[in-house]
Amino acid sequence: MEIKIENVIKQFPPDILALRNINITIPQGDFVYLVGPTGSGKTTLMRLITREVVPTKGRVLVGGTDLRKLGMTDIAYYRREIGVVFQDFRLLSHLTAYENLTFVQEAIGMPKDLIEERTNEILDKMGLWRRRFLYPEQLSGGEQQRLAIARATINCPSILLADEPTGNLDLQTAEAIMKILLSINAMGTTVVVATHNQYIVDEFRQRVISLRGGRVVRDERKGRFEINDDF
Amino acid sequence: MEIKIENVIKQFPPDILALRNINITIPQGDFVYLVGPTGSGKTTLMRLITREVVPTKGRVLVGGTDLRKLGMTDIAYYRREIGVVFQDFRLLSHLTAYENLTFVQEAIGMPKDLIEERTNEILDKMGLWRRRFLYPEQLSGGEQQRLAIARATINCPSILLADEPTGNLDLQTAEAIMKILLSINAMGTTVVVATHNQYIVDEFRQRVISLRGGRVVRDERKGRFEINDDF
Amino acid sequence: MTTFSYVLRDAFRLVTRNITLSFLTLVTTVAVFFLMSCSILFVMNTKHIVAGIENNLVITAYVNKKGTAAEVVADKIGKLDCVDSVRIVTPDKALEILRARLGNQADVLTLLDDNPLPPSVEIKLKNASAVSVVARELLSMEEVEDIVYAGELAKRLEIISRFISKFSFGVLAIALAVGALVVFNTIRIGVYARREEIEIMLLIGATPGFVAFPFVLHGSIISALGALLAGASVFLSYDRVVGALKASMPFLNFMTDRAVVMDLWLLLVGGGLTVGWICSWLAVSKFVRQAMRPH
Amino acid sequence: MTTFSYVLRDAFRLVTRNITLSFLTLVTTVAVFFLMSCSILFVMNTKHIVAGIENNLVITAYVNKKGTAAEVVADKIGKLDCVDSVRIVTPDKALEILRARLGNQADVLTLLDDNPLPPSVEIKLKNASAVSVVARELLSMEEVEDIVYAGELAKRLEIISRFISKFSFGVLAIALAVGALVVFNTIRIGVYARREEIEIMLLIGATPGFVAFPFVLHGSIISALGALLAGASVFLSYDRVVGALKASMPFLNFMTDRAVVMDLWLLLVGGGLTVGWICSWLAVSKFVRQAMRPH
Ligand SMILES: Nc1ncnc2c1ncn2[C@@H]1O[C@H](COP(=O)(O)OP(=O)(O)OP(=O)(O)O)[C@@H](O)[C@H]1O
Ligand SMILES: Nc1ncnc2c1ncn2[C@@H]1O[C@H](COP(=O)(O)OP(=O)(O)OP(=O)(O)O)[C@@H](O)[C@H]1O
Ligand SMILES: [Mg+2]
Ligand SMILES: [Mg+2]
């Protein structure tokens with residue numbers, strides 16, 4: 001599904017202009033880094049795609065559908081095709097690590113044995129196998145982050161949005177995570193990663209979209225992390 | 001107040017050994033980086049000092065007092081001398097940015113006009129002045145982090161614990177924050193910073209304590225960030 | 001299938017996870033439903049007692065002495081639906097009663113040349129409202145010379161009975177409202193306590209119905225269970241309580257039909273389920289719609 | 001000072017922030033307290049009515065005809081505390097009554113050589129329980145030949161009256177328990193909904209008391225306000241309701257003393273405040289202690 005953001009302006013009350021005239025097209029299968037200083041609008045841009053936020057002006061088309069036109073149940077089904085790693089993780093605090101993963105699969109009606117198999121596999125891959133019966137608040141920051149990534153990827157979504165997926169990780173783990181994201185991308189999933197991590201962007205070079213004050217200031221194939229991306 | 005961690009072992013049920021025989025002394029006025037891969041016990045170590053966690057074995061002395069011996073009200077008063085930047089921010093979601101800052105000052109009974117003055121000053125310093133009437137969930141990740149730092153430092157604590165205080169910040173803002181932490185340290189406050197940020201550790205060199213699997217593997221004055229600190 | 005089993009498990013988790021909280025809610029619901037059934041039973045018993053007193057209502061009709069006038073009147077009146085029974089009091093019997101009343105001076109009555117007292121018919125009615133009908137009927141008969149009845153008492157009982165009917169509706173309405181409010185409130189606050197979870201679930205693609213259903217189930221279960229337990233305690237204790245009351249107040253005509261209490265119980269559980277379902281649905285659906293609204 | 005003002009503001013925020021929720025709780029509390037005062041007033045009125053009937057209790061004492069025997073008895077008995085009033089019925093008066101009863105055949109009584117009927121004293125009592133005392137007293141007087149009184153009715157009224165006293169305690173206890181439970185529940189769930197905030201506040205150095213106080217205030221305010229509003233609606237509507245009841249049932253002796261209703265109102269508000277305070281404290285303190293416990 002192609003993501004098309006057309007002339008989007010987003011103003012939060014009373015007068016905060018988070019996005020000013022954004023025009024971005026992300027074809028199916030792209031891998032995009034979203035960079036920019038804090039408060040530049042990265043998260044807001046992602047929330048346009050999940051329809052948590054609707055534009056004040058302009059429109060957001062995903063797979064040709066204007067998101068504004070979707071009804072409540074449509075949106076639920078639409079969101080199942082998108083995996084999101086939220087900046088603040090948003091894990092379900094009343095469910096264990098294991099249950100947090102099975103939940104999203106149960107919600108889309110997958111068969112029980114397949115759920116079990118896939119969950120165990122990904123817990124192992126993320127190094128959370130020994131932590132599977134802990135609740136989110138009992139996990140370390142990095143473990144929570146890996147759980148959030150596992151949850152976002154387990155359903156093989158068409159689009160994967162990852163907001164600062166390595167903020168709480170050490171370099172080695174961050175690299176391992178990036179490799180996972182790239183392998184998912186290789187299978188045809190569109191991946192959008194918002195990040196402040198220079199090392200990651202430079203190591204695994206991909207399309208870079210740089211925001212500043214709610215405007216796109218650079219959009220480059222095989223880009224690098226430039227010093228003013230973060231100033 | 002000197003922090004003395006003596007022979008501390010912390011085991012979480014059922015069998016997770018988060019800390020294994022830790023011995024650390026941090027004199028008043030020290031600046032310490034706590035590094036180590038994800039899950040190595042950095043946050044748990046800090047939570048020993050706030051008495052969120054009590055050791056399974058060994059003891060934690062702060063200013064000569066065994067924390068285990070404090071009553072409920074004592075702990076409240078003790079915690080007022082410690083500023084904490086939590087890894088997950090822990091802002092009060094029902095209060096605006098402004099109120100999140102005034103709250104901690106009101107809780108210790110500061111006069112009203114002083115509160116107002118100091119709050120406005122720090123909001124300005126952290127670049128949150130225009131966001132002061134927003135609630136935490138309306139702030140960007142970096143803005144929330146800066147608000148958390150502002151809250152931890154506003155009462156001029158004797159000890160400042162900052163858990164990953166730059167995880168959601170761009171380089172420029174991270175540097176600015178580090179300068180603030182250093183200036184607070186210069187006024188005599190003990191500062192402990194847990195971080196994965198190599199750039200910061202190498203740029204502002206201080207004592208480095210490196211954890212791995214719940215053990216101290218390195219404790220160095222004017223240390224550097226070593227590659228195996230994060231592997 | 002998996003979806004449905006998740007919903008069931010989640011509703012179950014809602015109940016068990018905060019067992020104290022669920023327990024408190026349950027106790028409140030039980031108390032409310034208990035009060036409710038007590039009021040209902042109280043009203044039913046009062047009506048029953050009033051009906052019992054009404055059953056003892058008597059009209060005395062004095063008839064003329066010609067032949068079988070008393071028998072004719074008794075016959076005619078006895079056929080009316082609202083009449084329970086009739087009894088003829090002959091002049092001799094009436095004189096006997098007067099004699100008893102005069103005590104040791106009763107000898108004076110032997111001086112009467114003829115029994116001056118008229119025969120009469122005592123008519124027991126089924127309910128107070130029938131008094132005026134029967135009275136009019138009696139007066140229209142030529143055999144009847146005069147009638148005497150507790151007109152005031154009859155009217156009073158009728159008014160009280162009608163008032164209790166109205167009152168019972170009022171009590172039921174208030175109790176039902178309080179019960180519904182408590183359930184609604186509990187679910188609403190429960191939803192509020194889990195607002196973050198709900199938001200997250202909706203964000204990761206759970207449908208509104210899927211998110212709402214466990215809450216609705218939770219509310220219905222608690223409410224129905226509350227009604228069930230309240231009904232059970234009423235059902236089990238009713239006989240003993242009425243027994244004790246009867247022992248100390250044998251003159252009052254309590255309702256002792258277990259079937260009625262059983263019906264009340266069933267009604268209560270059905271009502272509890274319905275109320276729980278509607279209230280939880282109202283409580284959760286607005287919230288879910290709100291959480292789905294974009295910024 | 002700043003601390004206190006914070007606490008006040010926070011309690012206020014607790015009330016206003018989720019205005020719907022606070023409103024719902026309030027409505028529930030009002031309903032519960034309303035039911036409570038209705039039960040209390042119902043019980044008070046029933047007792048009042050029973051007392052009214054008791055006031056009409058009469059013992060008739062037949063005395064011998066010697067001289068001023070009736071006056072002597074009336075005098076002696078009239079001095080007892082439990083006696084409301086006495087009235088002497090002379091033999092002439094009694095004969096008159098009998099004559100009226102015999103109707104057109106009353107001429108027979110002119111044949112009596114002498115009035116055979118004894119004089120009697122009618123004694124009005126203040127309450128049913130005095131009947132047996134007075135009866136015994138009367139029988140011990142040599143002037144008294146026989147006494148007649150509605151022994152059954154007196155006993156019944158006494159039993160009913162005692163039962164209503166017990167019953168009123170029961171109703172009050174249940175209503176109070178439900179009220180307390182609702183308040184406790186609301187505060188408990190409110191605390192639960194804000195558990196994260198409470199944990200954070202405690203982490204940044206707020207004392208347990210400081211954290212708990214707004215909740216306690218919130219609970220007390222809601223509970224007291226609920227009692228106040230329930231009391232107000234009862235107070236304002238009582239006259240009209242009783243007026244309507246009196247109009248349709250003038251034979252029942254309703255309580256019309258506004259002062260009593262006013263007292264009830266004050267009692268209600270005081271009770272609401274106390275219950276709210278205790279319940280909220282119980283609800284919040286355990287939770288705070290738990291949140292302070294280290295891992
Ligand atoms: N609901 C909201 N109400 C008001 N302002 C908002 C809201 N959401 C976001 N903003 C503002 O919009 C701006 C952009 O926020 P956004 O979260 O997109 O930044 P970001 O690029 O993700 O930053 P970071 O790197 O710190 O996460 C911020 O200044 C923020 O304060
Ligand atoms: N309450 C708890 N119950 C069980 N295990 C726990 C609990 N708290 C922490 N742990 C475990 O202890 C280990 C150390 O956790 P800690 O949060 O100290 O790591 P960390 O060094 O802060 O990691 P990160 O850099 O990811 O934040 C982790 O493996 C975690 O799962
Ligand atoms: Mg962001
Ligand atoms: Mg940590």
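This text goes with the structure placed above it.
Residues numbered from 1 in each chain as written. Chains lettered and ligands numbered in written order. Predicted model: local features only at pLDDT ≥ 70, side-chain atom pairs only at ≥ 80, totals over all residues. Heavy atoms only, no water.

**Q** Tell me what's going on with the coordination of the magnesium ion (ligand 4), and back it up with residues and numbers.
**A** Geometrically, a metal with four donors at the corners of a regular tetrahedron has ideal angles of 109.5 degrees, and one with six donors at the corners of a regular octahedron has ideal angles of 90 or 180 degrees. All names here are of chain B. Here the magnesium ion (ligand 4) is held by Thr43 (OG1) and Gln87 (OE1), and the distances to it run 1.9 to 2.3 Å. Highlighted residues: Thr43 in helix H1 (residues 42–49) and Gln87 in the loop between strand S6 (82–85) and helix H3 (97–107), separated in sequence by 44 residues. On the basis of relative accessible area, Thr43 is assigned to the partly exposed category, the value being 25%. Look at Gln87 and you get buried, because its relative accessible area is 19%. (Donors = N, O, S within 2.8 Å, 3.2 Å for Na, K, Ca; no water. Helix = DSSP H or I, 4+ residues; strand = E, 2+ residues; numbered from the N terminus. Buried < 20%, exposed > 50% of the residue type's maximum accessible area, 1.4 Å probe, protein only.)

**Q** Please provide a residue-by-residue account of the interface of chain B and chain D, values included.
**A** Residue-level contacts link 32 residues of chain B with 25 residues of chain D. The interface formed by chain B and chain D includes seven residue pairs in polar contact (both at pLDDT 80 or more). Counting residues per element, the ones that place at least two in the side of chain B that touches chain D are strand S1 (3–12), helix H2 (72–79), H3 and helix H4 (112–125) of chain B. In terms of residues, the side of chain B that touches chain D owes the most to one element, H2 of chain B, which gives six residues. Grouping the constituent residues of the side of chain B that touches chain D by class yields 17 nonpolar, four polar and 11 charged. (Contact = heavy atoms within 4.5 Å. Polar contact = N/O pair within 3.5 Å; in protein donor to acceptor, adjacent residues only side chain to side chain. Nonpolar A, V, L, I, M, F, W, Y, C, P; charged D, E, K, R; others polar.)

**Q** Please give an account of the packing of aromatic side chains that cites residues and values.
**A** Describing an aromatic ring pair means giving the distance of the ring centres and the angle of the ring planes. Tallying each qualifying case throughout the model produces eight aromatic pairs over all chains. For the pair Phe103 of chain B and Phe210 of chain D, a centre-to-centre distance of 6.1 Å together with 40° between the ring planes defines the contact as tilted. Taken together, the positions of Phe103 of chain B in helix H3 and Phe210 of chain D in helix H8 (residues 208–248) put the pair across two chains. Like Phe210 of chain D, Phe103 of chain B is buried. Residue placement shows Arg80 of chain A over the ring face of Tyr77 of chain A; its charged tip is 4.5 Å from the ring centre. The ring of Phe86 of chain B carries the charged tip of Arg90 of chain B above its face, separated from the ring centre by 5.4 Å. (Phe/Tyr/Trp six-rings, centres within 6.5 Å; stacked < 30°, edge-to-face > 60°. Lys NZ or Arg CZ within 6 Å of the ring centre and 35° of its normal.)

**Q** Could you give an account of the pairing of strand S3 (residues 31–35) of chain B, with specific residues and numbers?
**A** Residues and elements named next belong to chain B. The buried fraction of S3 amounts to five of the five residues, a majority that puts the element mostly inside the structure. Covered by surrounding structure in S3 are Phe31, Tyr33 and Val35 together with Val32 and Leu34, the residues of both alternating faces. Of the strand pairs in this sheet, S3 and strand S8 (residues 190–194) are connected by four bridges, and their pairing is parallel. Its bridge partner being in S8, Val32 is matched across the sheet by Val192. Note: S3 against strand S9 (residues 207–212), four bridges, orientation parallel. Residue Val35 lies in a different strand from S9, and its bridge partner there is Ser210. (Pairing = 2+ DSSP bridges.)

**Q** Explain the site of ligand 1 residue by residue, including any values.
**A** Lining the immediate environment of ligand 1, one finds 19 residues, of which Thr38, Thr43 and Thr44 of chain A together with Arg131 and Gly142 of chain B sit closest. This site is not confined to one chain, since residues near ligand 1 come from chains A and B. One nitrogen or oxygen atom from the side chain of His196 of chain A is found 3.0 Å from an oxygen atom belonging to ligand 1. Arg131 of chain B is positioned such that a nitrogen or oxygen atom in its side chain is 2.6 Å from an oxygen atom of ligand 1. Alone, ligand 1 offers 640 Å² of accessible surface; in the complex the protein occludes 97% of this. Only strand S2 (16–26) and helix H1 (42–49) of chain A together with helix H5 (141–153) of chain B provide two or more residues apiece to the shell around ligand 1. In terms of residue class, the shell around ligand 1 is built from four nonpolar, 12 polar and three charged. (Near = heavy atom within 4 Å. Areas by Shrake-Rupley, 256 points an atom, 1.4 Å probe, with all protein chains shown as cover.)

**Q** Could you give me a rundown of the site of ligand 2, with the residues and numbers involved?
**A** Near ligand 2 there are 19 residues, and of these Arg131, Gly142 and Glu143 of chain A together with Thr43 and Thr44 of chain B occur at the shortest range. One of the backbone nitrogen or oxygen atoms of Gly41 of chain B is found 2.9 Å away from an oxygen atom of ligand 2. In the environment of ligand 2, an oxygen atom lies 2.5 Å from a nitrogen or oxygen atom belonging to the side chain of Thr43 of chain B. In the complex, 96% of the free accessible area of ligand 2, which totals 640 Å², lies under the protein chains.

These results come straight from atomic positions and should not be treated as a statement about function.
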